[in-house]
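Now for the letters of each chain:
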Amino acid sequence: MKLLSFTLTIVLSCLGCTVDSKQLSEEALPSLTTSCGDLSTIECEMFVAINGERTKAGAKALALNSTCTSMARDHAIDMFTRAFFSHDSPTETFRQRSTRYGLSSGWIGENIAKNSNVSDTLSQWMNSAGHKANILSENYRATGIGFYKSYWVQCFTSMGL
């Protein structure tokens, strides 16, 4: 099976999701938590922003996949902890990690970045042909976002929720 890296996103409509987390009102936070599952505020902002890009391009929104989110978060933490920046860790390839998380069937992809700001990170991804292709790909149905100390990981899958 050929492993390709593509990106999908989900469009959410929740008050305040697309603004800087410092500007979010207290009223918006419950909506963010509910709409974005267990994503942190900054992860939710990225999730919504990515789905916004998909909507602008006429692509369907992605669902949030909790397994993808776990895989993304764990990889972001691993990159920070072991001081590397790659889809492959020093001890495991992306394919091996995907299999370990049960995401080895169908389409699976990943975007990574190192940046603390949602809009700057999204801009970097959208200005990179490969990352943009992931974000706008119709091959994916769901995504997960992980952020840890300026390390971003977005997991994409064609599998359901």
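Our subject is the structure listed above.
Read on for an overview of the structure.

Thresholds applied
Along each chain, the written sequence defines residue order, and numbers are assigned to residues from 1. Totals for whole chains, interfaces and linings use all residues, but because this is a predicted model, local features are given only for residues with pLDDT of at least 70 and pairs of side-chain atoms are given and counted only at 80 or more. Note: side-chain values were computed over all heavy atoms of the structure, leaving out hydrogens and water. By convention, a stacked pair of Phe, Tyr or Trp rings (six-membered ring in the case of Trp) has centres within 6.5 Å and planes under 30 degrees apart, an edge-to-face pair has planes over 60 apart, and any other such pair is tilted. Helix and strand assignments come from DSSP, with helices taken as H or I runs of at least 4 residues and strands as E runs of at least 2, each series counted from the N terminus. At least two bridges found by DSSP between two strands is the condition for calling them paired. By definition in these notes, contact holds between two residues if any of their heavy atoms fall within 4.5 Å. Fitting a line to C-alpha atoms yields each axis, with helices limited to the stretch in contact; the angle taken between N-to-C directions then spans 0 to 180 degrees. To form a nonpolar core, buried Ala, Val, Leu, Ile, Met, Phe, Trp, Tyr and Cys residues must be joined to one another through side-chain atoms within 4.5 Å. For every residue, the accessible area (1.4 Å probe, protein chains only) is compared with the maximum for its type, and the residue is labelled buried under 20%, exposed over 50%, or partly exposed between those bounds. Roughly parallel here means an angle under 35 degrees, roughly antiparallel means over 145, roughly perpendicular means 65 to 115, and every remaining angle is called oblique. In the scheme used here, Gly and all other residues not listed as nonpolar or charged are polar, with Ala, Val, Leu, Ile, Met, Phe, Trp, Tyr, Cys and Pro taken as nonpolar and Asp, Glu, Lys and Arg as charged.

1. So, the packing of aromatic side chains
Here's step 1: Counted according to the given criterion, the structure contains five aromatic pairs.
Here's step 2: Look at Phe80 and Tyr148: their rings are 5.4 Å apart centre to centre, the planes differ by 75 degrees, and that puts the pair in the edge-to-face class. Note that Phe80 is positioned in helix α3 (residues 66-82) and Tyr148 in strand β3 (residues 142-148), a separation of 68 residues in sequence.
Here's step 3: For the pair Phe80 and Tyr151, a centre-to-centre distance of 6.2 Å together with 70 degrees between the ring planes defines the contact as edge-to-face. Highlighted residues: Phe80 in helix α3 and Tyr151 in strand β4 (residues 151-157), separated in sequence by 71 residues.

2. Notes on unusual backbone geometry
Here's step 1: The phi dihedral of Ala83 falls on the positive side, at around 55 degrees, and the residue is not glycine.
Here's step 2: The residue Ala83 is located in the loop between α3 and α4 (94-100) in this model.
Here's step 3: The backbone phi angle of Ser150 is positive, close to 80 degrees, even though this residue is not glycine.
Here's step 4: Along the polypeptide, Ser150 turns up in the loop between β3 and β4.

3. Some points on the sheet that holds strand β1 (residues 63-64)
Consider a sheet: its strands pair through backbone hydrogen bonds, and that pairing is either parallel or antiparallel.
Here's step 1: The strand order across the open sheet built from four strands is β1-β3-β4-β2, with neighbouring strands paired in mixed fashion. Each edge of the sheet is formed by a strand with only one pairing partner; in this case those strands are β1 and β2 (108-114).
Here's step 2: With two bridges joining them, β1 and β3 adopt parallel strand pairing. Considered in β3, the bridge of Leu64 is made with Thr143.
Here's step 3: Here helix α2 (residues 41-56) sits on the sheet and contacts β1, β3 and β4; the angle it forms with β3, its principal contact strand, is near 140 degrees.

4. Some remarks on the nonpolar core
Here's step 1: In terms of nonpolar packing, the biggest core is built from 20 residues, with Met46, Ile50, Leu122, Trp125, Ile135, Ile145 and Trp152 touching the most fellow members.
Here's step 2: At the level of elements, α2, α5 (118-126), β3 and β4 are the ones that each hand at least two residues to this core.
Here's step 3: No other element matches the six residues that α2 contributes to this core.
Here's step 4: By size, the runner-up hydrophobic cluster in this structure holds 14 residues, among which are Ala72, Phe84, Tyr101 and Cys155.

5. A look at the packing of α5 against helix α6 (residues 129-136)
A pair of packed helices can be characterised by two numbers: the angle between their axes and the separation between those axes.
Here's step 1: Where α5 contacts α6, the axes come no closer than 6 Å and their chain directions differ by 100 degrees. Taken together, the axes of α5 and α6 lie roughly perpendicular to each other. Packed against α5, whose contacting residues are Leu122, Trp125 and Met126, the element α6 presents His131, Lys132, Ile135 and Leu136 at the interface.
Here's step 2: Its residues assigned to classes, the contact of α5 with α6 comprises five nonpolar, one polar and one charged.

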